[in-house]
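Read off the chains here:
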Amino acid sequence: MSEPLAAQIVSFLGALRREDVSEHTIRSYKTDLNQFLAYFTPPKGEPPAIEGIDTLALREWLGDLHRQNLTAVTMRRKLAAVRSFYSHLLRAGAVPANIAKLLRTPKAPKKLPRVMTAEQTNGLINGIEADELGRKQITRDLAIFEMLYGCGIRVSELVGLNLEDINFGDRWILVRGKGRKERQVPFGTKAAAALGRYLKERSPGPGEKAVFLNRFGERLSARSIGTIVKLYSTALAGDSSLHPHSLRHAFATHLLSDGADLRSIQELLGHSSLSTTQKYTQVSLIELMAVYDRSHPKA
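Okay, so let's go over this structure. (Residues numbered from 1 in each chain as written. Predicted model: local features only at pLDDT ≥ 70, side-chain atom pairs only at ≥ 80, totals over all residues. Heavy atoms only, no water.)

Focus: the sheet that holds strand β1 (residues 166-167)
- With antiparallel pairing, three strands are arranged side by side in an open sheet as β1-β2-β3. At either margin of the open sheet sits one strand with a lone partner, and together these are β1 and β3 (182-186).
- Looking at chain direction, strand β2 (residues 172-176) and β3 are connected through five bridges and run antiparallel. Within the sheet, the bridge partner assigned to Val-175 lies in β3 and is Arg-183. (Pairing = 2+ DSSP bridges. Helix = DSSP H or I, 4+ residues; strand = E, 2+ residues; numbered from the N terminus.)

Focus: the pattern of salt bridges
- Under the defined criterion, the tally for this structure stands at 11 salt bridges.
- Between Arg-77 and Asp-32 there is a salt bridge, with the nearest N and O atoms lying 2.8 Å from each other. Of this pair, Arg-77 sits in helix α4 (residues 72-91) while Asp-32 sits in helix α2 (residues 23-40); the two residues are 45 residues apart in sequence, bridging distant segments of the chain.
- With a shortest N-O distance of 2.9 Å, Arg-183 and Glu-157 are connected by a salt bridge. With Arg-183 in strand β3 and Glu-157 in helix α7 (residues 155-159), the pair connects residues that are 26 residues apart, well separated along the chain.
- Owing to a relative accessible area of 3%, Glu-157 belongs among the buried residues under this scheme.
- Several salt bridges converge on common partners, so that one network encompasses Asp-32, Arg-77 and Lys-78. (Salt bridge = Lys/Arg side-chain N within 4 Å of Asp/Glu carboxyl O. Buried < 20%, exposed > 50% of the residue type's maximum accessible area, 1.4 Å probe, protein only.)

Digging into the pairing of β2
- Burial along β2 is one-sided: Ile-173 and Val-175 are buried, while Trp-172, Leu-174 and Arg-176, pointing the other way, are not.
- For β1 and β2, the ladder comprises two bridges, and the chain directions are antiparallel. Across the sheet, residue Asn-167 finds its bridge partner in β2, namely Trp-172.
- Taken together, β1 and the strand that follows it, β2, pair antiparallel across an intervening segment of four residues, in which Arg-171 is found at a positive phi of about 55°.

Observations concerning the side chain of Arg-154
- If you trace the backbone, Arg-154 turns up in the loop between α6 (138-151) and α7.
- By relative accessible area, which is 10% here, Arg-154 ends up buried.
- The residues contacting Arg-154, other than those within four sequence positions of it, are Gly-177, Lys-178, Arg-183, His-245, Arg-248, Leu-269, Gly-270 and His-271. (Contact = heavy atoms within 4.5 Å.)

Structural notes on the packing of α2 against α4
- The N-to-C vectors of α2 and α4 enclose an angle of 85°; their axes lie 9 Å apart at closest approach. As summarised for this structure, α2 and α4 are arranged roughly perpendicular, according to the angle between their axes. Taken together, the residues of α4 that come into contact with α2 (itself represented by Ser-28, Tyr-29, Asp-32, Leu-33, Gln-35 and Phe-36) are Arg-77, Lys-78, Ala-80, Ala-81, Val-82, Ser-84, Phe-85 and Tyr-86. (Axes fitted to C-alpha atoms, helices over the stretch in contact; angles between N-to-C directions. Parallel < 35°, antiparallel > 145°, perpendicular 65-115°, else oblique.)

Quick word on the packing of aromatic side chains
- Summed over all chains, the structure comprises nine aromatic pairs.
- Geometrically, the ring pair formed by Phe-12 and Phe-85 is tilted, given 5.7 Å between the ring centres and 55° between the ring planes. With Phe-12 in helix α1 (residues 5-18) and Phe-85 in helix α4, the pair connects residues that are 73 residues apart, well separated along the chain.
- Look at Phe-85 and Tyr-86: their rings are 6.2 Å apart centre to centre, the planes differ by 75°, and that puts the pair in the edge-to-face class. For the pair formed by Phe-85 and Tyr-86, the shared burial category is buried.
- An aromatic cluster is present here, built from Phe-12, Tyr-29, Phe-85 and Tyr-86 joined pairwise through their rings. (Phe/Tyr/Trp six-rings, centres within 6.5 Å; stacked < 30°, edge-to-face > 60°.)

Some details on α1
- The end-to-end C-alpha distance of α1, which contains 14 residues, comes to 20 Å, matching closely the 20 Å that a straight helix rising 1.5 Å per residue would cover.
- Turning to α1, its buried residues are Leu-5, Gln-8, Ile-9, Phe-12, Leu-13, Gly-14, Ala-15 and Leu-16.
- On its buried face, α1 sits against α2 and α4.
- Taken from the residues just after α1, Asp-20 is the one with a positive phi, measuring 65°. (Expected span 1.5 Å × (residues − 1).)

Have a look at this one:
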């Protein structure tokens, strides 16, 4: 007889930790799989063994997600968690096949990111540099913005930066992206200057190697960086919708607008598929059409 479903979920999450998967991903999988467990658990009863859940039952579970009016993006995430769980069970010999792969993936609507212009982005960063808000950790905050926009890295990658990951001589950083894949990303003179000023003031706790620190001298969290970005963008740009990923979008779009090729942008962003990078082509075309409509006498 196989392990109870709840115990198999705990075992799967433990395997993810041993594989050094990010805590954010593990928390997300835990939430989705606990909801999956709750769906198959009858009132005042026990859930069936995993062998008792067939493809039809999985389709009924997916149908229940539809009835909850969840977005396609949310349903895709929950389905991905269940598929990964079944892959783990297959490797462990607990199931003969990954039947979750037989489920049709809900189509997510194609949504293009809203992108700041180069003028808006530079205006925001210049406002931070001018210390218009009088923040105590202004040098750190400016370095955060310069690195997010100057390197196009994800907020999780910025949070994960350690001192030994920075090469000031050749001006590149070692970044650990999704799936713990490493890549080297260059940074410009503005980012180098801002980072250099911040590191002179950096006050770490004992043994702390993280580049960006909170007021306690500990590694800054992704949530804290999101709060910092929102604070400045609301106060200086009047836009509370901006977040760290907005600067990554701006980085890619502005590179493309100035003639960089898609393959190079793909490498810089750490995208595994070129199709993910191609969405910036659509953004640039939309901007180009807007310029045409504003400027051409026959538009």
